[in-house]
Structure formats: C-alpha cells, structure tokens
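What follows is the residue order along each chain.
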Amino acid sequence: MKALVFDSFGGPDVLQLRSLPDLVPDRGEAVVSTRAIGLNFADVYRRRGTYHLAGAPPYVLGYEAAGVVVRAGPDCPVQEGDRVGFADAPFANAEQVRVPGEKLIPLPDDLSFESAAAVLLQGLTAQYLVRDSHPLRRGETAVVHAAAGGVGSLLVQICRQLGARVVGLTSSPAKRDRIRELGADAVFLSSEATWPDAVRDFTGGAGAEVIFDSVGATLLDSLRAARTGGRVVFYGMAGGNPPPVDARVLMDRSLSLTGGDLWNVLRSRQDRIDRAQELFGWLRSGAIQVEISRTFPLADGALAHRHLEGGGSTGKLLLIP
C-alpha cells in the first residue's frame, strides 16, 4: 500500500508518496481501506514539528478518514465490508489504516465517504466546543475565529442551530459573504485591531459570552472582546503560539479561559457513536452543511498542504487515495 510520508520536519515539500507494507490487524483492530481522508491544520503542525510526534521516521500524518473495513482482527466490533469513519486514529494519510475497533464509527448508508471524512473531526470538534467547553445557551453571543474555515464554518452553523447570536471573524474580506450565508449575524475582520471594539458595539457595550479562538496569537484580543464573566475557549494555533496571559486580567473581570482538545472527550466507542449520531442528525435535517472546498490525490499531499496554509480556501480539503 502507498502512504504520504516524511522523514524530517519542514515545509510541504518534505511530503512524498511511498510504498509501505500492507497492514495486518491485531486483536480488537481493523484495517480500513481509505476512500477519503480529511486534511487538518493539526497535520500542518505535526509536519512542521510544532506538535510532538512519537516514534521514528518515516512519519505518516492524518487522524481522520472514511472507508471500508478490509480485515478485522479477533474481538473487533466491526467486520469486513463495514462502512466506517474515524476522527482520532493516527496514520490516516495512507491507502490502508490500522484502527482500534473502539475508534471506528459506523457510517449510515446515506452518508458519502467524502462527507464523513469532511465532517467527523471538525464537526465533533465544533460539537464538543458548544457542549463541553462552553455549554452554549439560547440568546448568548458567540464569537467564532476563522469562521470560514473547517471547524469555524461548522461552529457558526451549530451555534445558530442552538439559538445563539454569532459573530464571525475572518482575515479575508472576500470571505465575509460566505460567513453570512452560514448564518452569522455579523462579520468582522480579525486583521483590524479594532475588532474587539466592534464586538462590544454589536453587544451594546457588554461583550460576548464566549469567544472560540483557534488562532492563538489573538488570545489577548479575545479576552478584550469577552463580557465580564465571559469565557474564551482556546483550541488551536493557526496564527501562531498564544501570548502569555496575566491571571490578574481574568480575576479583574471574572473571565474564564479554558483549553479544548477533542481527544479528551472521546473516551469510549459509545461516546464516539453517540456524538456522531447527533452530528449526522444535524446533517440530515439541513441544520448544518459541510462544504468540501477541494479534493487532492494523495500523491499531491504537498500541494494540498500549501493550499491549506495559504488561507485561501473555505470549507474542507480532502485527500483521495
């Protein structure tokens, strides 16, 4: 089987397609033949060396894909021929992936492999942000950074589905209309230093109940935009490492700052299935829509990474084996 690999950290050009041995499942595992693979900023961070990678090269990126079980080991909860997806199993950038059975999510027949690979990791991320990191209540104002991106676009839609007012932030004026189409009540440019003031004006001077910050470098501005007693949820570093936060800032305005990571809420197979079922229900009802921005052959992984880092796309990028 072929896999997208790299031997040293660096830019997109370190990625190359290489043949690796076919996989054999251990007890409780299955080998999945991937049909669509989700590309995420976490893959960029790992390729750069920002996120730690265990083991020795060649490294294989990716944690999200959808496909068909081709081999199942003893005591595995799935069987050959099952349509499955996963959002938290490593080495997904390959034609075959060995996945623990507890991490496999059954896919309904009416959900395509492309849609599953586009929605699982980012959709489950958006879901836990509004269910676990900040249980969103109807009538609250939520600010969403990178609102045209993969997680951001789903987060805007889910916040609207839950009855919140949504402020979308984007660095690109060209994406404003798209964010409004997703359901945002207001859209501001994060590249303008006055955006926290614009959020306060939008909320009658109070500030927002919650700011979902996936940029990192904007963390202090996010705290400025929060209302007294509000919360900032930090869950990504697309714009660079976050600056240090003086805890007195939190004390003075009774602010909360929390981190979020999907791996910490997917504790069992039943967790994954239950959360995915809610996500699939939102898709079926039309409450949310997943936008696939572009697909790339797995062999063009370097081109896909450059496209993602360029910031010009909206929605999800997929790799197709």
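Residues numbered from 1 in each chain as written. Predicted model: local features only at pLDDT ≥ 70, side-chain atom pairs only at ≥ 80, totals over all residues. Heavy atoms only, no water.

Participant: Please clarify how the sheet that holds strand β12 (residues 208–213) should be interpreted in this entry.
Facilitator: By definition, the strands of a sheet pair up through backbone hydrogen bonds, in either a parallel or an antiparallel sense. Sheet architecture is open: six strands sit in the order β11-β10-β9-β12-β13-β14, paired in parallel fashion. Looking at strand neighbours, the two that pair on one side only are β11 (186–189) and β14 (256–259), the edges of this open sheet. For this sheet the average axis-to-axis angle between neighbouring strands, irrespective of direction, equals 20°. The strands touched by helix α3 (residues 150–161) are β9 (141–144), β10 (165–170) and β12; relative to β9, the strand with the most contacts, the crossing angle is about 170°. (Pairing = 2+ DSSP bridges. Helix = DSSP H or I, 4+ residues; strand = E, 2+ residues; numbered from the N terminus. Axes fitted to C-alpha atoms, helices over the stretch in contact; angles between N-to-C directions. Contact = heavy atoms within 4.5 Å.)

Participant: Looking at this structure, I do not really get unusual backbone geometry. What am I missing?
Facilitator: What you tend to see is this: most non-glycine residues have negative phi, and most peptide bonds are trans. The linkage connecting P57 with the following residue, P58, adopts the cis geometry, with an omega of 5°. Checked against the element boundaries, P58 lands in the loop between α1 (41–48) and β4 (59–60). For F91, which is not glycine, the phi torsion reads 70° and is therefore positive. The phi torsion at S254 lies on the positive side, around 55°, for a residue other than glycine. Relative to the helices and strands, S254 is located in the loop between α7 (247–252) and β14.

Participant: What am I meant to see in the sheet that holds strand β1 (residues 2–6) here?
Facilitator: Pairing in this open sheet of three strands is antiparallel, and the strands run β2-β1-β4 from one edge to the other. Every other strand in the sheet has two partners, leaving β2 (16–19) and β4 as the edge strands with one partner each. Note: β1 against β4, two bridges, orientation antiparallel. If you follow F6 over to β4, its bridge partner there is Y59.

Participant: Mind showing me how you'd approach the pairing of strand β6 (residues 83–86) here?
Facilitator: Side-chain positions along a regular strand alternate between the two faces of the sheet. Examined bridge by bridge, strand β5 (residues 65–72) and β6 share four bridges and lie antiparallel to one another. When the bridges of β6 are listed, A65 appears paired with F86. Here two bridges tie β6 to strand β8 (residues 105–106), and the two strands are oriented antiparallel to one another. The partner of G85 across the bridge, within β8, is I105.

Participant: Hey, could you run me through the packing of helix α2 (residues 113–133) against helix α8 (residues 269–285) in this one?
Facilitator: Angle between the axes and distance between the axes: these two values describe a pair of packed helices. Their axes nearest at 10 Å, the elements α2 and α8 cross at an angle of 105°. The angle between the axes of α2 and α8 places the two elements in the roughly perpendicular class. The segment α2 lies against α8, with V119, L120, G123, L124, Q127, Y128, R131 and D132 engaging R275, A276, E278, L279, F280, W282 and L283. Its residues placed into classes, the contact of α2 with α8 shows nine nonpolar, two polar and four charged. (Parallel < 35°, antiparallel > 145°, perpendicular 65-115°, else oblique. Nonpolar A, V, L, I, M, F, W, Y, C, P; charged D, E, K, R; others polar.)

Participant: Help me out: how do you make sense of the nonpolar core in this one?
Facilitator: The nonpolar side chains of a soluble globular protein tend to be buried with one another. Of all hydrophobic cores here, the largest spans 51 residues; its most connected members are L129, V130, L136, L155, C159, F212 and F280. Elements with a contribution of two residues or more to this core: β5, α2, β9, α3, β12 and α8. Discounting chain neighbours no more than four positions away, the residues touching F280 are I105, P106, L107, P108, L111 and L120. Ranked by size, the runner-up nonpolar core spans 30 residues in total, among them L39, A65, C76 and L317. (Core = buried A, V, L, I, M, F, W, Y, C linked by side-chain atoms within 4.5 Å. Buried < 20%, exposed > 50% of the residue type's maximum accessible area, 1.4 Å probe, protein only.)

Participant: Mind showing me how you'd approach the side chain of D213 here?
Facilitator: Counting through the fold element by element, D213 comes out in strand β12. R224 is the oppositely charged side chain nearest to the buried, salt-bridge-free D213, at an N-O distance of 11 Å. Engagement of the side chain of D213 in a polar contact is seen with the backbone nitrogen of G216, the distance being 3.1 Å. Ignoring any residue separated from it by four or fewer positions in sequence, one finds D213 in contact with H145, T218, L219, S222, V232, V233, F234, Y235 and G236. (Lys, Arg positive; Asp, Glu negative; His and termini not counted. Salt bridge = Lys/Arg side-chain N within 4 Å of Asp/Glu carboxyl O. Polar contact = N/O pair within 3.5 Å; in protein donor to acceptor, adjacent residues only side chain to side chain.)

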